[in-house]
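Summary of the model geometry
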Amino acid sequence: MNPLLTHLQPYPFERLRQLFAGVQPPAGLPAISLGMGEPRHPTPAFIQQALTDHLGGLASYPATAGDPRLREACAQWLHRRYGIAVDAATQVLPVNGSREALFAFAQTVIDPTREGATVVCPNPFYQIYEGAALLSGALARTYATQADPGAANFGLWALGHA
């Protein structure tokens, strides 16, 4: 086992689930979920139909880098939505979830042999930032985010030395 596992904090959503067990909101007021950002709405019918129509594709694993058509669609969406141009072949990588991508990114770019390797995380932060940093052998440091929504609160990592 990786000895760095002892540095990890308990998963906050599990603790939150325990704290809210049996708690009901006051009558007439809706509950506000503070849990994970899991989907809360039914899958649209057109997506269900597209999945059903392409079940034959489940007979083999997808390419590691993802289907080129999906990567191109992602690049086009980024251009429409944010006005930025990215190369679908080299700058887009579809992933199953953000935790997996963030963890893999940290394992790839952090050199644990460099003394003072540090990951700077926004606070509050997504717990995988800290976990990925610690399990890669880096220090995890936080900085307070700004209350101003116009401020630079990107939640990006800065890698360097302490």
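Per an unreviewed UniProt entry, the protein is named Aminotransferase class I/classII large domain-containing protein, and its organism is Oryza sativa subsp. indica. Turning to the protein, the UniProt annotation filed under Cofactor (unreviewed entry) states: "pyridoxal 5'-phosphate".

The subject of this paragraph is a nonpolar patch on the surface. Side chains of Met1, Leu5 and Leu8 sit close together on the surface and give an oily, nonpolar patch of about 340 Å² of accessible area. Positionally, leucine 5 belongs in the segment before helix 1 (12-20).

Here the focus is the pattern of salt bridges. The tally for this structure, following the rule as stated, stands at one salt bridge. Across the pair arginine 69 and aspartate 67 runs a salt bridge, and its minimum N-O distance is 2.8 Å. In this structure arginine 69 comes out as exposed when scored by relative accessible area, which is 65%. For aspartate 67, a relative accessible area of 29% gives the class partly exposed.

Attention now moves to the nonpolar core. Ala106, Ile110, Ala117, Val119, Cys121, Ile128, Tyr129, Ala132, Ala133, Leu134, Ala138 and Ala140 together form the largest nonpolar core, which totals 12 residues. By residue number, the principal contributor to this core is helix 6 (residues 127-135), which donates five residues.

It is at 9 Å that the axes of helix 5 (residues 98-109) and helix 6 come closest, and there the two elements cross at 30°. Taken together, the axes of helix 5 and helix 6 are roughly parallel relative to one another. For the crossing formed where helix 5 meets helix 6, the hand is right-handed. On the side of helix 5, the interface is formed by Arg99, Leu102, Phe103, Ala106 and Gln107, while helix 6 contributes Ile128, Tyr129, Gly131, Ala132 and Leu135. When its residues are assigned to classes, the contact of helix 5 with helix 6 shows seven nonpolar, two polar and one charged.

Of all seven residues that make up strand 1 (residues 117-123), five are buried, and the element is covered over most of its length. Since strand 1 and strand 2 (residues 139-144) lie parallel, the crossover through helix 6 that links them has a hand, and here it is right-handed.

On to the environment of arginine 71, then. Checked against the element boundaries, arginine 71 lands in helix 3 (residues 68-82). Given the relative accessible area of 10%, arginine 71 is considered buried. Along the sequence, arginine 71 and proline 94 sit 23 residues apart, while their C-alpha atoms lie 6.9 Å from each other. Residues within four places of arginine 71 in sequence aside, it is in contact with Ala65, Gly66, Ala88, Ala89, Thr90, Val92 and Pro94. Polar contacts involving the side chain of arginine 71 include one to the main-chain carbonyl oxygen of alanine 88, which spans 2.9 Å.

Judged from the six bridges that link them, strand 1 and strand 2 form a sheet pairing that is parallel. Note that in strand 2 the partner of valine 119 across the bridge is alanine 140.

Reading the values: the criteria
- Residues numbered from 1 in each chain as written.
- Predicted model: local features only at pLDDT ≥ 70, side-chain atom pairs only at ≥ 80, totals over all residues.
- Heavy atoms only, no water.
- UniProt positions renumbered as here; feature names shortened; annotations may be inferred.
- Patch = residues over 30% accessible without salt bridge, like charges linked within 9 Å, V, L, I, M, F, W, Y side chains within 5 Å.
- Areas by Shrake-Rupley, 256 points an atom, 1.4 Å probe, with all protein chains shown as cover.
- Salt bridge = Lys/Arg side-chain N within 4 Å of Asp/Glu carboxyl O.
- Helix = DSSP H or I, 4+ residues; strand = E, 2+ residues; numbered from the N terminus.
- Buried < 20%, exposed > 50% of the residue type's maximum accessible area, 1.4 Å probe, protein only.
- Core = buried A, V, L, I, M, F, W, Y, C linked by side-chain atoms within 4.5 Å.
- Axes fitted to C-alpha atoms, helices over the stretch in contact; angles between N-to-C directions.
- Parallel < 35°, antiparallel > 145°, perpendicular 65-115°, else oblique.
- Left-handed = near helix turned anticlockwise from the far one by under 90°.
- Contact = heavy atoms within 4.5 Å.
- Nonpolar A, V, L, I, M, F, W, Y, C, P; charged D, E, K, R; others polar.
- Right-handed = clockwise from strand over helix to strand, strands pointing away.
- Polar contact = N/O pair within 3.5 Å; in protein donor to acceptor, adjacent residues only side chain to side chain.
- Pairing = 2+ DSSP bridges.

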